[in-house]
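# Residue-level structural notes
These are the residues of each chain, in order.
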Amino acid sequence: MLQVYGIELRSRLFLGTSRYPSPAVLSEAVKASRAQVVTVSLRRESSGERAGQGFWSIIRELGVRVLPNTAGCHSVKEAVTTAHMAREVFGTSWIKLEVIGEDDTLQPDVFGLVEAARILAADGFEVFPYTTEDLVAADKLLAAGCRVLMPWGAPIGSGRGLNNLFGLKALRAHFPEVPLVIDAGIGVPSHAAQAMELGFDAVLINTAVAQAADPVRMAAAFAQAVEAGSAGRLAGPMEPRDLAVPSTPVIGTAFLK
Amino acid sequence: MKILVNGAWRDTSAVDLAAALHEMGYGEAVVATALNGEFVPAGSRPAARLADGDRIEVLAPMQGG
């Protein structure tokens, strides 16, 4: 069972709640995914609106744990302030820390990320930093107090899968005891299965489910893929080789020339 | 006086953040607040005095990835 910040999770699929065609589809997709953790955010709301309140009651009815993010923050100060606001609204110390450094790729500013993580961890937050596969950044995030890392697979919303297999494998190998959650870039269930086969602890999916033609069916497909990949990893995959090896025994082959 | 709420200027006679939220009709809504970029916990809103030109952010739960 996956353990993050002392919480045991049966499901290794985290689901984002953004960009679904309707609140009803979101709700059904969360159920179909069997996710126990969903990501949420904070946005400006005028007093006349009640969209945020409605959304929050839907999430509460689902009985899942929420992981608020600091999406859209480009500075340490913005991210830290947003984290404090999220802790009050959502009643959790968990924070998916995003400090965005580049607008085209939405890649993390790992320098700001480490600084913000240090401030928040010291203030009692349980930080899930959205980072890259960079080993040095990972090391510094752990030193800053993070007990989970969320490396990207590919840029957010790109659906390109695991872009840097070498780097991600190196990250896994360097930090065998740290829960690693692939966050961002997963496009299809096979990407999620691949992440699990490589030994990652969980995946966070949003756009790939929300923007599928049938999000509920896709959520179920991802749940199966994550379970299959995870079981495959535990079963001990064979080593690839360059030359063929007959799978049917050659001893006793008929001589028919 | 004028205050900037979620990026829009408005007139207010409220002297503190709690009164301003009440005046704007947030009622019992689940929101988090910041004054001039600093987080103000719900319990501290009555003590957060407002001045002309103050910037207030009122944030609510929203979908996120």
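Just so it is clear, the model here is predicted, and its values are computed rather than measured.

### Let's talk about the overall build of chain A
Looking only at helices and strands, one finds nine helices and ten strands in chain A. Judged by the C-alpha coordinates and their principal axes, chain A covers about 85 × 40 × 35 Å. In chain A, buried positions account for 52% of the 257 residues. A sequence separation of at least 24 residues applies to 65% of the contacts in chain A between residues at least 6 apart. Counting only carbon and sulfur atoms, one obtains 54% of the accessible surface of chain A, whose full area is about 12,300 Å². In chain A, the 23 positive side-chain charges and the 26 negative ones have mean positions that sit 4 Å from each other.

### Remarks on the overall build of chain B
Per the secondary structure count, chain B includes one helix and five strands. Element order for chain B, N to C, with α for helix and β for strand: β-β-α-β-β-β. Over its C-alpha atoms chain B spans a radius of gyration of 11 Å, differing by no more than 12% from the 11 Å that the globule rule assigns to 65 residues. Expressed along its principal axes, the backbone C-alpha trace of chain B runs to roughly 40 × 25 × 20 Å. Counting only residues that meet the buried cut, chain B has 46% of its 65 residues in that class. When contacts within chain B are restricted to residue pairs at least 6 apart in sequence, those whose partners lie at least 24 apart make up 53%. For chain B, the computed accessible surface area is about 3,100 Å², with 54% contributed by carbon and sulfur atoms.

### Side note on the packing of helix 4 (residues 110-122) of chain A against helix 5 (residues 135-143) of chain A
How two helices pack is summed up by the angle between their axes together with the distance between the axes. Residue and element names in this part refer to chain A. Interhelical geometry of helix 4 versus helix 5 gives an angle of 15 degrees and a closest axis separation of 9 Å. Of the possible angle classes, the one that applies to helix 4 and helix 5 is roughly parallel. Considering how the two elements wind past one another, helix 4 and helix 5 form a crossing that is right-handed. Along the contact surface, helix 4 presents Val110, Leu113, Val114 and Ala117, while helix 5 presents Ala137, Lys140 and Leu141.

### A short note on the sheet that holds strand 7 (residues 126-131) of chain A
Residues and elements named next belong to chain A. As summarised here, the arrangement of the three strands in space is 6-7-8, forming an open sheet in which the pairing is parallel. This sheet does not close on itself; its edge strands, each paired only once, are strand 6 (94-97) and strand 8 (150-151). Sheet analysis places strand 6 next to strand 7, joined by four bridges and oriented parallel. If you follow lysine 96 over to strand 7, its bridge partner there is phenylalanine 128. Packed onto the sheet, helix 4 meets strand 6 and strand 7 and runs at close to 175 degrees relative to strand 7.

### Overview of the interface of chain B and chain A
Tallying the contact residues gives 26 residues for chain B and 28 residues for chain A. Around 2,400 Å² of area is buried between chain B and chain A when both sides are counted, 58% of it from carbon and sulfur atoms. Area buried by chain B at its contact with chain A is led by Pro61, Met62 and Gly65 of chain B, which between them contribute 27% of it. Applying the counting rule to chain B against chain A returns three salt bridges. Between arginine 44 of chain A and glutamate 57 of chain B there is a salt bridge, with its nearest N and O atoms 2.8 Å apart. Applying the counting criterion to the chain B and chain A interface returns 18 residue pairs in polar contact (both at pLDDT 80 or more). Of all the elements in the fold, those that place two or more residues in the side of chain B that touches chain A are strand 3 (32-35), strand 4 (38-40) and strand 5 (55-63) of chain B. For the side of chain B that touches chain A, the leading source of residues is strand 5 of chain B, giving seven residues. With five bridges connecting them, strand 4 (residues 37-44) of chain A and strand 5 of chain B associate as antiparallel partners.

### Some details on the confidence of the model for chain B
Across chain B, pLDDT averages 94, with 100% of residues at or above 70. Interface confidence for the predicted complex, expressed as ipTM, amounts to 0.93; the pTM equals 0.92.

### Regarding the pattern of salt bridges
Residue and element names in this part refer to chain A. The final tally for this structure, using the stated rule, is nine salt bridges over all chains. In this structure, lysine 96 and glutamate 98 form a salt bridge, with 3.2 Å as the shortest nitrogen-oxygen distance. Like glutamate 98, lysine 96 is buried. Linked by salt bridges that have partners in common, Lys96, Glu98 and Asp183 make up one network.

### What to know about helix 2 (residues 51-62) of chain A
Taking 1.5 Å per residue as the helical rise, helix 2 of chain A with its twelve residues ought to reach 16 Å, and the 17 Å between its terminal C-alpha atoms agrees with that figure. Among all positions in helix 2 of chain A, only Gly52, Gln53, Phe55, Trp56, Ile59 and Leu62 of chain A are buried. Residues of helix 2 of chain A that are buried sit in contact with helix 1 (23-33), strand 4, strand 5 (65-68) and helix 3 (76-90) of chain A together with strand 5 of chain B. Where helix 2 of chain A terminates, the next one or two residues include glycine 63 of chain A, which has phi positive at roughly 70 degrees.

Criteria and thresholds
Residues numbered from 1 in each chain as written. Chains lettered and ligands numbered in written order. Predicted model: local features only at pLDDT ≥ 70, side-chain atom pairs only at ≥ 80, totals over all residues. Heavy atoms only, no water. Helix = DSSP H or I, 4+ residues; strand = E, 2+ residues; numbered from the N terminus. Buried < 20%, exposed > 50% of the residue type's maximum accessible area, 1.4 Å probe, protein only. Contact = heavy atoms within 4.5 Å. Areas by Shrake-Rupley, 256 points an atom, 1.4 Å probe, with all protein chains shown as cover. Lys, Arg positive; Asp, Glu negative; His and termini not counted. Charge placed at Lys NZ, Arg CZ, Asp CG, Glu CD. Rg over C-alpha atoms; globule rule 2.2 N^0.38 Å. Axes fitted to C-alpha atoms, helices over the stretch in contact; angles between N-to-C directions. Parallel < 35°, antiparallel > 145°, perpendicular 65-115°, else oblique. Left-handed = near helix turned anticlockwise from the far one by under 90°. Pairing = 2+ DSSP bridges. Buried area = accessible area lost by both parts, 1.4 Å probe. Salt bridge = Lys/Arg side-chain N within 4 Å of Asp/Glu carboxyl O. Polar contact = N/O pair within 3.5 Å; in protein donor to acceptor, adjacent residues only side chain to side chain. pLDDT = per-residue confidence, 0-100. Expected span 1.5 Å × (residues − 1).

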